[in-house]
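# Coordinates in review
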Amino acid sequence: MIMNADGQPGVDVDVRFGVRFPYLRGFAIAGMVIGVVLILAGVLWLAFLYRPGRRREPDPGAAMPPE
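## Focus: the overall build of the chain
Along the backbone of the chain there are one helix and zero strands. Here the chain, with 67 residues, has 0% of them falling under the buried criterion. Carbon and sulfur atoms make up 65% of the accessible area of the chain, which totals about 7300 Å².

And the structure:
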């Protein structure tokens with residue numbers, strides 16, 4: 001509680017609050033690198049999955065539609 005000693009109004013206070021987190025930059029960079037690696041892995045996976053000229057063999061265990 002901040003107040004004048006005699007209880008009168010008109011209190012002027014300069015308060016500062018801060019938190020120091022020395023490893024924040026390292027965590028941020030690591031998170032961005034991991035995100036980029038995951039995005040690249042996903043793009044490469046999709047490119048490999050849907051590459052042109054790939055023949056898709058039907059699954060022998062799959063149900064065949066009625067003719």
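## Overview of a nonpolar patch on the surface
Taken together, Met1, Ile2, Met3, Val11, Val13 and Val15 make up a surface patch of nonpolar side chains, about 670 Å² in accessible area. Here Val15 shows up in the segment before α1 (24-49). Under the relative-accessibility criterion, Val15 is labelled exposed at 60%.

## Observations concerning the packing of aromatic side chains
Considering all chains together, one arrives at one aromatic pair under this definition. Directly above the aromatic system of Phe48 lies the positively charged group of Arg51, at a separation of 4.4 Å from the ring centroid.

## Focus on the environment of Asn4
Structurally, Asn4 can be placed in the segment before α1. Look at Asn4 and you get partly exposed, because its relative accessible area is 26%. Ignoring anything within four residues of it in the chain, the contact list for Asn4 reads Pro9, Gly10 and Val11.

Reading the values: the criteria
Residues numbered from 1 in each chain as written. Predicted model: local features only at pLDDT ≥ 70, side-chain atom pairs only at ≥ 80, totals over all residues. Heavy atoms only, no water. Helix = DSSP H or I, 4+ residues; strand = E, 2+ residues; numbered from the N terminus. Buried < 20%, exposed > 50% of the residue type's maximum accessible area, 1.4 Å probe, protein only. Areas by Shrake-Rupley, 256 points an atom, 1.4 Å probe, with all protein chains shown as cover. Patch = residues over 30% accessible without salt bridge, like charges linked within 9 Å, V, L, I, M, F, W, Y side chains within 5 Å. Salt bridge = Lys/Arg side-chain N within 4 Å of Asp/Glu carboxyl O. Phe/Tyr/Trp six-rings, centres within 6.5 Å; stacked < 30°, edge-to-face > 60°. Lys NZ or Arg CZ within 6 Å of the ring centre and 35° of its normal. Contact = heavy atoms within 4.5 Å.

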